[in-house]
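One letter stands for each residue in the lines below.
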Amino acid sequence: LFGTTIDALLGHHSPLIEKAAENKLDELPEVNVEELTAAAPILPPKQIESLTDTLMGLTNLLDITELLRFLPTTKVDVLLQQRMEAGKPLKEYALFASTNAVDTAARAHEQQGLPIDDIAPFMSADCVAEIARSRTAAGRSIAGLLPFLCENSVNELARQREALGHSIDGLLPFMSEN
């Protein structure tokens, strides 16, 4: 149609694309993340999901961050759960996961003492506030969560910190004037 081939667009011959076009993906001897990532923009979503399942069958902690944008949210939620259970970083997966899955993973990582501030932008406001309250009660820093808290939550946390005898200086830029 445009005077070019799929191979030319990809920059190389792709057995994956060839088998996908023939609807014979089950005949592929193997699939690797790099080849699937390169082919993903032109593959149907069901084929991407199927091939990702095949890859994940080899190891469920394979780094497939480049494929996440092509997968359904429900699939990314499962992958996020697997990474959470393994104590792996969540940020790249959180971007494409549901808020409920991110909240669940954040709570679990927080309980394990693993970092979560980098996924705060993908958490619900309620979850961020809940974790901030818990950290404040334990005398831990909430600096990484402050930009994602509403003024009312920050004001509440300031009152909580004052009651515990802690400084609220770090909260001042995020508080309302009331």
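Note that the coordinates shown come from a computational prediction; the quantities given were computed from them, not determined experimentally.

A. Layout of the overall build of the chain. Broken down by element type, the chain carries 9 helices and 0 strands. Secondary structure of the chain in N-to-C order comes out as α-α-α-α-α-α-α-α-α. The buried share among the 178 residues of the chain stands at 39%. Taking the contacts inside the chain whose residues are at least 6 apart along the sequence as the reference set, 37% of them involve residues at least 24 apart. Accessible surface, the chain as shown: approximately 10,200 Å² in total, 51% of it carbon and sulfur.

B. Quick peek at the environment of leucine 68. Residue position: leucine 68 is located in the loop between α4 (45-58) and α5 (73-85). A relative accessible area of 0% means that leucine 68 is categorised as buried.

C. Fine view of the confidence of the model for the chain. A residue-level look at the chain finds 88% of positions with pLDDT of 70 or above and a mean pLDDT of 84. The least confident element of the chain is helix α1 (residues 6-10), whose mean pLDDT is 60; the most confident is helix α7 (residues 99-111), at 95.

D. Geometry of the pattern of salt bridges. Overall, the coordinates contain 5 salt bridges when judged by the stated rule. We note a salt bridge from glutamate 110 to arginine 135, for which the minimum N-O separation is 2.9 Å. Taken as a pair, glutamate 110 in helix α7 and arginine 135 in helix α8 (residues 125-137) lie far apart in primary sequence, 25 residues in all. Glutamate 110 gets classed as buried once you look at its relative accessible area, which sits at 11%. Taking the shortest distance from any N to any O, the salt bridge between glutamate 156 and arginine 133 comes out at 3.9 Å. One end of the pair, glutamate 156, is in helix α9 (residues 151-163); the other, arginine 133, is in helix α8, and 23 residues separate them in sequence. By relative accessible area, arginine 133 is classed as partly exposed at 31%. Salt bridges linked by common partners bring Glu110, Asp117, Arg135 and Arg140 together as one network.

About the cut-offs
Residues numbered from 1 in each chain as written. Predicted model: local features only at pLDDT ≥ 70, side-chain atom pairs only at ≥ 80, totals over all residues. Heavy atoms only, no water. Helix = DSSP H or I, 4+ residues; strand = E, 2+ residues; numbered from the N terminus. Buried < 20%, exposed > 50% of the residue type's maximum accessible area, 1.4 Å probe, protein only. Contact = heavy atoms within 4.5 Å. Areas by Shrake-Rupley, 256 points an atom, 1.4 Å probe, with all protein chains shown as cover. pLDDT = per-residue confidence, 0-100. Salt bridge = Lys/Arg side-chain N within 4 Å of Asp/Glu carboxyl O.

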